[in-house]
Amino acid sequence: MENRRYKGILCIVCSAFCFALMNMFVRAAGDLPSIQKSFFRNLVALMFALIIMKRSRIPFRCKRENLKYLIIRSICGTMGILCNYYAIDHLVLSDASMLNKMSPFFAVIFSYFILKEKVDLPQAMFVAVAFLGSLLVIKPTFANMDLIPSLVGLLGGLGAGIAYTYVRKATLNGEKGPLIVCFFSAFSCLVTLPFLIFDYHPMSALQLITLLGAGLSAAGGQFSITAAYSYAPAREISVYDYSQVIFAAGLGFIVFGQIPDFLSWLGYAVICAMAVGMFLYNNRHKNLV
């Protein structure tokens, strides 16, 4: 049992590194529209999902009652990716990553409204303080030139939080994970394709390779996080996902020479502390039940 937990931790740290690497590739692709970057990222993920479904003999159709959940998940997930990519292009890499990591806290909020899952007072306080921590990263003043990208990045975390909630709703209704990934990736590609056709920005070979690298990294992150949660429950390992911010800060400094300011570091500390607090509280509460 302990060995499986360690495997889960290793997989989720690997996933965090892959997603940090994806963000680095997205930034390194240069001055391309977020929609164009999103299309190539999701195209690679779609190819991987189709291969897995074929090898696992998963039918290419969802349950009728889950269709609306998959559509809402795909709309919110696409919005989350586009907002995240915009933030990556305009903010310090670790700031964009941390704002996107507000998604678990938003998932707690929307799980209460959508899944009717109970949220008690300590959990609500963790969410509230984490949001205050995000304000240290956003720095909401009119003098802050990064205010709009920061708010867009937070909106990306909101979209991802809603998307994760509907992923849970669909899986609770018996939908397979690879089909959910396939549906979302195909939906995102179809939605962004018209924009790509009418506003295509020519890419160099290096930019194309970089975007394919982003797609491969995203696929690696998806597979790793799926494996992680097959080894151990979320309450035991989810907090290690925040290692992505450390990887993002390191890659941002090495590749782009970015150094987050003091308020951003303070915001990271507050959000990570709330994540650890939520993690410990959920574990303790689970053991008492």
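Calculation notes
Residues numbered from 1 in each chain as written. Predicted model: local features only at pLDDT ≥ 70, side-chain atom pairs only at ≥ 80, totals over all residues. Heavy atoms only, no water. Salt bridge = Lys/Arg side-chain N within 4 Å of Asp/Glu carboxyl O. Helix = DSSP H or I, 4+ residues; strand = E, 2+ residues; numbered from the N terminus. 1 Å grid on protein atoms, 1.4 Å probe; cavity = no way out; pocket = protein on both sides within 12 Å on 5 of 7 lines; lining within 4 Å. Points joined across faces, edges and corners; volume = space filled by probe spheres on them. Phe/Tyr/Trp six-rings, centres within 6.5 Å; stacked < 30°, edge-to-face > 60°. Buried < 20%, exposed > 50% of the residue type's maximum accessible area, 1.4 Å probe, protein only. Lys NZ or Arg CZ within 6 Å of the ring centre and 35° of its normal. pLDDT = per-residue confidence, 0-100. Contact = heavy atoms within 4.5 Å. Polar contact = N/O pair within 3.5 Å; in protein donor to acceptor, adjacent residues only side chain to side chain.

Participant: Explain the pattern of salt bridges to me, using residue names and the numbers behind them.
Facilitator: Counted according to the given criterion, the structure contains 3 salt bridges. The closest approach of N and O atoms between lysine 139 and aspartate 261, which form a salt bridge, is 3.4 Å. Of the two residues, lysine 139 is situated in the loop between α6 (121-138) and α7 (147-172) and aspartate 261 in the loop between α11 (243-256) and α12 (262-288); the sequence distance between them amounts to 122 residues.

Participant: Tell me about empty space enclosed by the protein, residues and numbers included.
Facilitator: Over the atoms, a rolling probe the size of a water molecule traces out where space has been left empty. If you walk through the whole model with that rule in mind, you get 1 cavity of 30 Å³ or more. Forming the boundary of the largest cavity are Arg41, Ala45, Arg73, Val181, Phe184, Ser185 and Gln222. Listing elements by their share of the lining of the largest cavity, those giving two or more residues are α2 (34-56) and α8 (177-198). With 3 residues, the top contributor of residues to the lining of the largest cavity is α8.

Participant: So what's going on with the packing of aromatic side chains? Which residues, and what values?
Facilitator: Overall, the coordinates contain 6 aromatic pairs when judged by the stated rule. Their ring planes at 80° and their centres at 5.4 Å tell us that phenylalanine 17 and phenylalanine 247 sit as a pair that is edge-to-face. Placement of phenylalanine 17 in helix α1 (residues 2-28) and of phenylalanine 247 in helix α11 is noted, with a sequence separation of 230 residues between them. Under the relative-accessibility criterion, phenylalanine 17 is labelled partly exposed at 36%. For arginine 27, the ring lying beneath its charged end belongs to phenylalanine 256, and the centroid distance is 5.8 Å. When the ring centre of tyrosine 69 is taken as reference, the NZ or CZ atom of lysine 68 above it lies at 4.7 Å.

Participant: Could you give an account of the confidence of the model for the protein chain, with specific residues and numbers?
Facilitator: Segments scoring low in pLDDT should not have their predicted coordinates read at a detailed level. Per-residue confidence for the protein chain gives a mean pLDDT of 87, with 95% of residues at or over 70. Confidence, expressed as mean pLDDT per element, reaches its minimum in the protein chain at helix α10 (residues 234-237) with 66 and its maximum at helix α3 (residues 67-90) with 93.

Participant: Describe the environment of arginine 41, naming the residues involved and giving the relevant values.
Facilitator: Residue placement: arginine 41 occurs in helix α2. Overall, arginine 41 belongs to the buried group, its relative accessible area being 6%. Along the sequence, arginine 41 and alanine 214 sit 173 residues apart, while their C-alpha atoms lie 6.0 Å from each other. Dropping the residues within four chain positions of it, arginine 41 is found in contact with Phe19, Met22, Ile81, Tyr85, Phe184, Ala214, Gly215, Ala218 and Gln222. For arginine 41, the side chain forms a polar contact with the side chain of asparagine 42, separated by 3.1 Å.

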